[in-house]
Structures are given as C-alpha cells and as structure tokens.
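Chain and residue survey
Here's the letter readout for the chains.
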Amino acid sequence: MLSNMESAPDRPTAAAASAALTDAEASRAAVARGLFLPSWFLPSLGAAIAVQIATAAVGLAGAEPWLVVLGLGVFAAAAGVQLARFRRLNGVWLGGLASRVVLGTGMAASASYALALGAAIWAAYAAQWGLTAACAVAGGAAYAVSGARWLSAYRAEPAVHSRGESAVWLALLGMAGLLGLALLVLNR
Amino acid sequence: MTAGLDPHVVAPARLTLMTALTAVSEVEFSILRARLEVSDSVLSKHISALADAGYVRVRKGVLAGRRTTWITLTSTGRKALRDHVAALRRLIDLVD
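The structure reproduced in this document is the subject of the present report. Note that the structure is a prediction, hence the values are computed from the model and not measured.

**Let's talk about the packing of aromatic side chains**
Enumeration according to the criterion identifies 3 aromatic pairs over all chains in this entry. Their ring planes at 90° and their centres at 6.4 Å tell us that F75(A) and Y143(A) sit as a pair that is edge-to-face. Remark: Y143(A) occurs in helix 6 (residues 129-156) and F75(A) occurs in helix 3 (residues 65-90); sequence separation between them is 68 residues. Residue Y143(A) is classed as buried on the basis of its relative accessible area, which comes to 4%. Cation over ring: R87(A) sits above W70(B), and NZ or CZ is 4.1 Å from the ring centre.

Okay, here's the thing in structure tokens:
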C-alpha cells in the first residue's frame, strides 16, 4: 500500500489529493477492522462487574469492608488480564477500549453501572438478597452490552473513538469512586 | 506549496501512515507494516522522518517475550495531520 506512494509533487492535483485521502481512510479502516477482542472479553468483564456490584452492596449493608475490597480486586484482576490479552492478540493499545469499555467511562456503561449499584445497595440494606443478585447481574450484562456497542461505534469511526480519557482524569475518577465507597463504609 | 499543506505529510505514504495511526493509541511496528502492506525499510524510513518532525513517538518494548517497537501519533502530529487534511480538502473543493 505504501510502497507505491513514496514520493509526491509539492502541490498535489485535486485528483491526487482525493486519491490520497481515500487511500489514507482505507488504511485507517483496515487497522480498525483488524482488531479483535480476545475470547470471553466482554462476558468476563460483565461477570467481574456483577461480582463487584454484589460484593459492594453486601459488604456495605453487612458492614464487611473486606467484601467491598474483594470485589474491587476481582474487577481489577479481570480488567488487567483482559487488557493484556487484547494487547498481546492485536499488537496495539487502544485507549478508548481501556477507558470506555473496561473502566466503564462511556455514558451507557457508567449510567447503567451507577443505577445497578444504587439499586443493589438499596436491596441489600432491605435484605432482599435475590434482588441484590439480580441488580448485580443486570449491571454486569449492561456493562458488557455497552462495551459491544462501543466496539461497533469504533469500527464505524475509529478516529473518533480510539482515544480514551487522560490518565489524570481516570485517576481522579478512580479516587472519587474509592472515596465514595469509603464514605459509605464509614457512615454505615 | 499550497497553504496549509505540511511538507512532512505531503507524500501520500506519510498521509496514509499517520491516518492509520489515528485508529489506535499505540501500535507495534510489525502490525503496522502488515496492515499497510509495506516493507520494513520503507516503513522505517517514513517513521524516522515523522519522528524527527515530532509527529510520531517511537519506543522499544517487549510483547509476549519478544522485543518490539511501538509507534504513537503525538498531539503535534495529530494537529499537523488535521491541518494537512483540511488543506487537501480545500484543494479538492477549489476544483469542484
């Protein structure tokens, strides 16, 4: 693809400019099309989120902070393993996937997560354990589905969706989340 | 040179390479070579030129136990690409 286009006049003709743009966009689409999720990527993330929601709800309601920490640990381990598998499989790092899909900063993932966590905590305080589990499973499923939707959007417009939030912003979000959970535990 | 056309990107090969890099945050050299269907030497030459211009960043790493080279489009490169593409579109519009 590149080897036929090593040199160009200083000022390309309109036809040459149009052809160059078409080729460039085709190369970007080829890179995006060539990326694949490792097996069980989204289901394992959804399961890890379900475990995290359930343990957070039960841990907070039962004043068992270790359960909250355990759930966060399960999610962190699943996220780390899946991101490493994606990088090894594809030979790329995709910031948008890491933040929007894995860390759930996309609108659908964050909204569904917040809703499911809130409902699970309410159900746990009411000792409705079946409802707590259902909320956790629903939250995990919604997380996985929002990840699949992001992937479709990425393949349609890779340049728009390839970049994730900055590391500083993610660190701030993470600290805010941990602080919120810590306050819930302390106020129990 | 037409206003807005970037001399570092004006070769279609550089435009193709930089546009492909916008699809990812970082890509391993051999993957990029395969996707762009180009030889090691041609890709190395273009990447070196773009790195000298500050448009891409190159770092050495390890993937699955083997030494690898990773390529990233810098924010300077992203802006240069955006400006260059806008200039190309203006050039096309002039004729249309």
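**Overview of the pattern of salt bridges**
Counting across every chain of the model gives 6 salt bridges over all chains. One salt bridge in this structure joins E26(B) and R87(A), with 3.4 Å as the shortest N-O distance. Of the two residues, E26(B) is situated in strand 1 (residues 26-28) and R87(A) in helix 3; the pairing between them involves two chains. E26(B) is the salt-bridge partner of R59(B), the closest N and O atoms lying 2.7 Å from each other. Here the residue R59(B) occupies a position in strand 2 (residues 56-63), and E26(B) occupies one in strand 1, the gap between them amounting to 33 residues. One network of salt bridges, with partners in common, ties together R87(A), E26(B) and R59(B).

**Considerations on the interface of chain A and chain B**
Counting residues at the interface gives 39 residues for chain A, matched by 39 residues for chain B. Summing both partners gives a buried area of about 3,300 Å² for chain A against chain B, and 66% of it is carried by carbon and sulfur. Here R89(B) makes a salt bridge to E25(A), at a shortest N to O gap of 3.2 Å. At the surface where chain A touches chain B, the tally comes to 11 residue pairs in polar contact (both at pLDDT 80 or more). Top contributing element to the side of chain A that touches chain B by residue count: helix 1 (residues 14-33) of chain A, with 12 residues. Where strand 1 (residues 92-93) of chain A meets strand 1 of chain B, 2 bridges bridge the pair, whose relative direction is antiparallel.

Rules behind the numbers
Residues numbered from 1 in each chain as written. Chains lettered and ligands numbered in written order. Predicted model: local features only at pLDDT ≥ 70, side-chain atom pairs only at ≥ 80, totals over all residues. Heavy atoms only, no water. Phe/Tyr/Trp six-rings, centres within 6.5 Å; stacked < 30°, edge-to-face > 60°. Helix = DSSP H or I, 4+ residues; strand = E, 2+ residues; numbered from the N terminus. Buried < 20%, exposed > 50% of the residue type's maximum accessible area, 1.4 Å probe, protein only. Lys NZ or Arg CZ within 6 Å of the ring centre and 35° of its normal. Salt bridge = Lys/Arg side-chain N within 4 Å of Asp/Glu carboxyl O. Contact = heavy atoms within 4.5 Å. Buried area = accessible area lost by both parts, 1.4 Å probe. Polar contact = N/O pair within 3.5 Å; in protein donor to acceptor, adjacent residues only side chain to side chain. Pairing = 2+ DSSP bridges.

Note that all results are geometric; they support no functional claim without further evidence.
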